[in-house]
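Given next are the chains, with one letter for each unit.
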Amino acid sequence: GVSPIQAEIAGKWIELLHEKAPKAKLLAFLSITANPAALKVFEELHALGKRVGLSVRIMLSDANRSAIESAFSEMARARIEGLIVGSPAGLLGHRQQIVDAAARHRIPTICPRREFPEAGGLMSFATDFDALFARAADFVHRLLNGATPSELPFERASTFEFIVNLKAARGLGLKIPQTLLLRANRVIE
């Protein structure tokens, strides 16, 4: 099998968001209430944030319009300066709402899927799902050719992609450092 290992890349989310908004001291992590992995990711983000002088608050939401809007209202009241969006599939379906709310509240955001910056979000750092699906296809091929499932290895994602949306950055009044742009796999202009 294969795994996208989202919790393990939490440090990269903190690093990239902190590099983009170095003056930010209060970040939020938005995830779905019913997602059991959200707490593990939050704990990782909280610990990593502390090491670089950042405070991270968890914002749990149900996967519906009103709950997500309520979470953004709470972020505005708390004066959140940066946002990390969790990876549950339920949030992917609300990506346009999340991207629009982050822009409206002027919150620099890093997301777990490329679909977010493609919808107008600031940036994403995530598992390269195309590469992951190709690995999964290889497993299916091996199984169909007689391999025993228990003999096949379990693999973690090893290919990641970083996408920056310059139009979103301009809308937030942010200048993306050249060092960040050079590391991006794709820059949306």
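Since the model is a prediction, treat every value here as computed from it, not as a measurement.

About the cut-offs
Residues numbered from 1 in each chain as written. Predicted model: local features only at pLDDT ≥ 70, side-chain atom pairs only at ≥ 80, totals over all residues. Heavy atoms only, no water. Helix = DSSP H or I, 4+ residues; strand = E, 2+ residues; numbered from the N terminus. Rg over C-alpha atoms; globule rule 2.2 N^0.38 Å. Contact = heavy atoms within 4.5 Å. Lys, Arg positive; Asp, Glu negative; His and termini not counted. Charge placed at Lys NZ, Arg CZ, Asp CG, Glu CD. Buried < 20%, exposed > 50% of the residue type's maximum accessible area, 1.4 Å probe, protein only. Pairing = 2+ DSSP bridges. Axes fitted to C-alpha atoms, helices over the stretch in contact; angles between N-to-C directions.

Enquirer: Even after reading the chapter, I still don't get the overall build of the protein, so can you show me in this structure?
Expert: What the protein contains, in helices and strands, is 9 helices and 9 strands. Here the C-alpha radius of gyration of the protein, 17 Å, is about what a compact globule of 189 residues would show, namely 16 Å. C-alpha extents for the protein along the principal axes are approximately 55 × 35 × 30 Å. Within the protein, contacts between residues at least 6 apart in sequence are counted, and of these 72% link residues at least 24 apart. Separation of charge centres in the protein, based on 24 positive and 19 negative side chains, amounts to 8 Å.

Enquirer: Hey, could you run me through helix α5 (residues 95–104) in this one?
Expert: The α-helix winds at 3.6 residues per turn, so residues separated by three or four positions along the chain end up facing the same way. Taken together, the buried positions of α5 are occupied by Q97, I98, V99, A101 and A102. Positive phi shows up at R106, right after α5, with a value of about 55°.

Enquirer: Which parts of the structure should I look at to understand the sheet that holds strand β8 (residues 160–165)?
Expert: Hydrogen bonds along the backbone pair up the strands of a sheet, which may run parallel or antiparallel. Judged by pairing direction, the sheet is mixed, and its 7 strands sit side by side in the order β3-β2-β4-β5-β6-β8-β9 without closing on themselves. One side of each edge strand has no neighbouring strand; the edge strands of this open sheet are β3 (55–61) and β9 (186–188). Across the sheet, the axes of successive neighbouring strands diverge by a mean angle of 20°, strand direction being ignored. Examined bridge by bridge, strand β6 (residues 123–127) and β8 share 5 bridges and lie antiparallel to one another. Considered in β8, the bridge of S124 is made with I163. In the packing of helix α2 (residues 37–51) onto the sheet, the strands contacted are β2 (26–32), β3 and β4 (82–85), and the crossing angle to β3 comes to about 160°. Lying over the sheet, helix α3 (residues 65–78) contacts β2, β3 and β4, oriented at roughly 155° with respect to β3.

Enquirer: Honestly, the side chain of Q97 in this entry has me stumped. Any pointers?
Expert: Within the element layout of this structure, Q97 appears in helix α5. Aside from chain neighbours lying at most four places away, what touches Q97 is N64, R65, I68 and E69.

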